[in-house]
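As a plain string of letters, each chain reads:
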Amino acid sequence: MADDAGLQTALCSEQFGSGEARGCRVAADGSLQWEGFPDSVSPDYLPYQLWDSVQAFASSLSGSLATQAVLLGIGVGNAKATVSAATATWLVKDSTGMLGRIVFAWWKGSKLDCNAKQWRLFADILNDVAMFLEIMAPVYPICFTMTVSTSNLAKCIVSVAGGATRAALTVHQARRNNMADVSAKDSSQETLVNLAGLLVSLLMLPLVSGFPGFSFGCFFFLTALHIYANYRAVRALVMETLNEGRLRLVLKHYLQRGEVLDPTTANRMEPLWTGFWPTPSLSLGVPLHRLVSSVSELQQLVEGHQEPYLLCWDQSQNQVQVVLNQKADPKTVLRAATHGLMLGALQGDGPLPAELKELRNRVRAGPKKESWVIVKETHQVLDMLFPKFLKGLQDAGWKTEKHQLEVDEWRATWLLSPEKKVL
């Protein structure tokens, strides 16, 4: 919607045959922007969708091989198999998956969009693991029920993670308030790819049936293609909002070289295999009672904090915990995260601006218990540094009016001079 704000009244329109007319508007920079594709989606939409189609096709074929193995293991074609045993196995498998879906959604559902790329890659790899378990299930009949139940549990986790990250990517790719349109077209594309996979599977399965070695070879080839296509699809994405990983990269480069990385460069450098777990070094939105238990501790924590957040730094563990005020907006959260990551940089070895070099020397020379003094002084440094950093982010193309930082729901209020009473 921010993009729509910069658009003016339509200057002209065009129409192909009896199709729907599309208008042309002038953007804030004076360029012409036509309604519809490709201006209605992000620049990374086409390369992402191409690789996403490849991975979906490979996954569809692998899924057919896995389904054949499950049906074989459950007794299809075996005169000794009973309907009741097959039904019981199927019910145990489904119920395990349902429980896993509920638990995983409760545990991580609200945080998946913070690292959408990493979780999407993780989900697709986990899906391959689940299909491998299904392929192997008939080989060990005594463990068949446990194996297929574990596989379905993994698939349900994949369903939750994939759905949540797909929603986050749709928000990123839709540029004309057209999330419903982008989502519908993505679903139609996936259906078309799965239909093509189904047709190819009808030709493939008779060829591999009865040849376990050939079936395994096809599965491993399709799995390798699936993982590679997923990696290329996720790597093609250029997210223009900051999560902790991208902010860490951009801030580190800024402190070392005085330049702000643009979204394309930062996304190319962002780790994909290890970036989906939040680092314990930065916690945003922690409860106030975790940090203070007396008036003196609260006074010490509040001292020097003029922004609507309180920051506590544990030097021994290099851990920063941030309490957010009720009035904290996305800019405040971004500043608090920048503050926390900057404190972490004081214990690193890379080059820093002159004012931070002095603080680093004091951190290395001084006692660990004086962390609050360093925090107080970094507020003064950040008052000068953050406005320049924020402007650099905006000039480089980052969207700073929103973020993808992992923030808990705790909020607090406090007085600059609290009364003397135990909390």
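Per-chain numbering applies: the sequence of each chain, read as written, is numbered from 1 onward. With the structure being a predicted model, the display of local features is reserved for residues of pLDDT at least 70 and the display and counting of side-chain atom pairs for 80 or more, all residues being used for whole-chain, interface and lining totals. Side-chain numbers come from the whole structure's heavy atoms, not from hydrogens or water.

**Quick notes on the overall build of the protein chain**
- When helices and strands are tallied, the protein chain shows 13 helices and six strands.
- For the protein chain, the share of sequence-separated contacts (at least 6 apart) that also reach a separation of at least 24 residues comes to 74%.
- We get accessible surface area from the Shrake-Rupley algorithm with a probe of 1.4 Å; when it comes to residues, only the shown protein chains can shield them. Just so you have it, the protein chain exposes about 22,100 Å², and 61% of that area is on carbon and sulfur atoms. Strands are runs of DSSP state E lasting at least 2 residues, helices are runs of H or I lasting at least 4, and numbering of each runs from the N terminus. In this description, contact between two residues means that some pair of their heavy atoms is separated by no more than 4.5 Å.

**A few points about the packing of helix α4 (residues 116–136) against helix α5 (residues 144–173)**
- Axis angles are defined between N-to-C directions and span 0 to 180 degrees, where every axis is a line fitted to C-alpha atoms and, for a helix, only to the segment in contact. Axis separation between α4 and α5 bottoms out at 8 Å; the angle between their running directions is 155 degrees. As judged from the angle between their axes, α4 and α5 are roughly antiparallel. Considering the relative orientation of α4 and α5, their crossing is left-handed. Small angles under 35 degrees read as roughly parallel and large ones over 145 as roughly antiparallel, with 65 to 115 read as roughly perpendicular and the rest as oblique. Each crossing gets its handedness from the near helix: less than a right angle anticlockwise from the far helix is left-handed, clockwise is right-handed.

**Here we look at the UniProt feature "transmembrane region" (unreviewed entry) in the protein chain**
- UniProt positions are given in the numbering used here, feature names are shortened, and annotations may be inferred rather than shown by experiment. According to UniProt, the positions carrying the feature "transmembrane region" (unreviewed entry) are residues 214–231.
- End C-alpha atoms of residues 214–231 are separated by 26 Å, and the span's content is 100% helix alongside 0% strand.

**Quick look at the sheet that holds strand β5 (residues 309–314)**
- DSSP calls a pair of strands paired once it identifies at least 2 bridges connecting them. Strand order in the open sheet formed by three strands is β4-β6-β5, with mixed pairing between adjacent strands. Edge positions in the sheet fall to β4 (282–284) and β5, since each has one partner strand and no second. Direction aside, neighbouring strands of the sheet carry axes that sit 15 degrees apart on average.
- As paired elements, β4 and strand β6 (residues 319–324) share three bridges and run parallel to each other. Its bridge partner being in β6, serine 283 is matched across the sheet by glutamine 321.

**Details of the environment of alanine 86**
- When you line up the elements, alanine 86 lands in helix α3 (residues 83–108).
- Considering only alpha carbons, one finds alanine 86 and isoleucine 74, 12 residues apart in sequence, at a separation of 5.7 Å.

**Considering a nonpolar patch on the surface**
- Together, Leu192, Leu195, Leu198, Leu199 and Leu202 make up an exposed nonpolar region whose accessible area comes to about 510 Å².
- Relative to the elements of secondary structure, leucine 202 occurs in helix α6 (residues 179–208).
- Only protein chains enter the accessibility calculation, which uses a 1.4 Å probe. A residue is then buried if its area is under 20% of the maximum for its type, exposed if over 50%, and partly exposed in between. Using a relative accessible area of 56% as the deciding quantity, one classes leucine 202 as exposed. Patch rule: a residue counts if its relative accessible area is over 30% and it has no salt bridge; like charges are joined within 9 Å, and nonpolar side chains (Val, Leu, Ile, Met, Phe, Trp, Tyr) within 5 Å. Whenever Lys or Arg places a side-chain nitrogen within 4 Å of a carboxyl oxygen from Asp or Glu, that contact is recorded as a salt bridge.

**What about the confidence of the model for the protein chain?**
- Every residue gets a pLDDT, meaning the predictor's confidence in that residue, from 0 to 100. Summarising the model, the protein chain shows a mean pLDDT of 86, and 87% of its residues fall at 70 or more.
- Low pLDDT (under 50) marks residues 1–8, which in the prediction has 18 contacts with non-local residues, meaning those over four places away or in another chain.

**Section: α3**
- For α3, spanning 26 residues, the distance from its first C-alpha to its last is 37 Å, which sits close to the expected 38 Å at 1.5 Å a residue.
- Residues of α3 that are buried: Ala86, Thr89, Lys93, Gly97, Gly100, Phe104 and Lys108.
- Check the buried side of α3 and you find it contacts α2 (45–74), α4 and α5. Each residue after the first adds 1.5 Å to the expected span of a helix.

**Some remarks on the side chain of glutamate 240**
- Counting through the fold element by element, glutamate 240 comes out in the loop between α7 (212–236) and α8 (244–257).
- Within the structure, glutamate 240 has its side chain in polar contact with the side chain of arginine 175 (distance 2.7 Å).
- The contacts of glutamate 240, once residues within four sequence positions are left out, are His172, Arg175, Pro263, Gly397, Trp398 and Lys399. Throughout this description, a polar contact denotes any pair of N or O atoms lying within 3.5 Å of each other; where both atoms belong to protein, one of them has to be capable of donating a hydrogen while the other can accept it, and for residues adjacent in sequence the pair is counted only when both atoms sit in side chains.

**Section: the nonpolar core**
- What we call a nonpolar core is a set of buried Ala, Val, Leu, Ile, Met, Phe, Trp, Tyr and Cys residues that are connected through their side-chain atoms within 4.5 Å. If you look at the biggest cluster of nonpolar residues, it comprises 40 residues, and the most contacted ones within it are Leu284, Trp313, Val322, Leu346 and Phe389.
- For this core, the elements supplying multiple residues, two or more each, are α8, β4, β5, β6, α11 (330–345), α12 (354–365) and α13 (371–396).
- It is α13 that contributes the most residues to this core, nine residues altogether.
- Contact partners of tryptophan 313, with chain neighbours within four places excluded, come to Asn318, Gln319, Val320, Leu343, Leu346, Gln347, Val363, Ser371, Ile374 and Val375.

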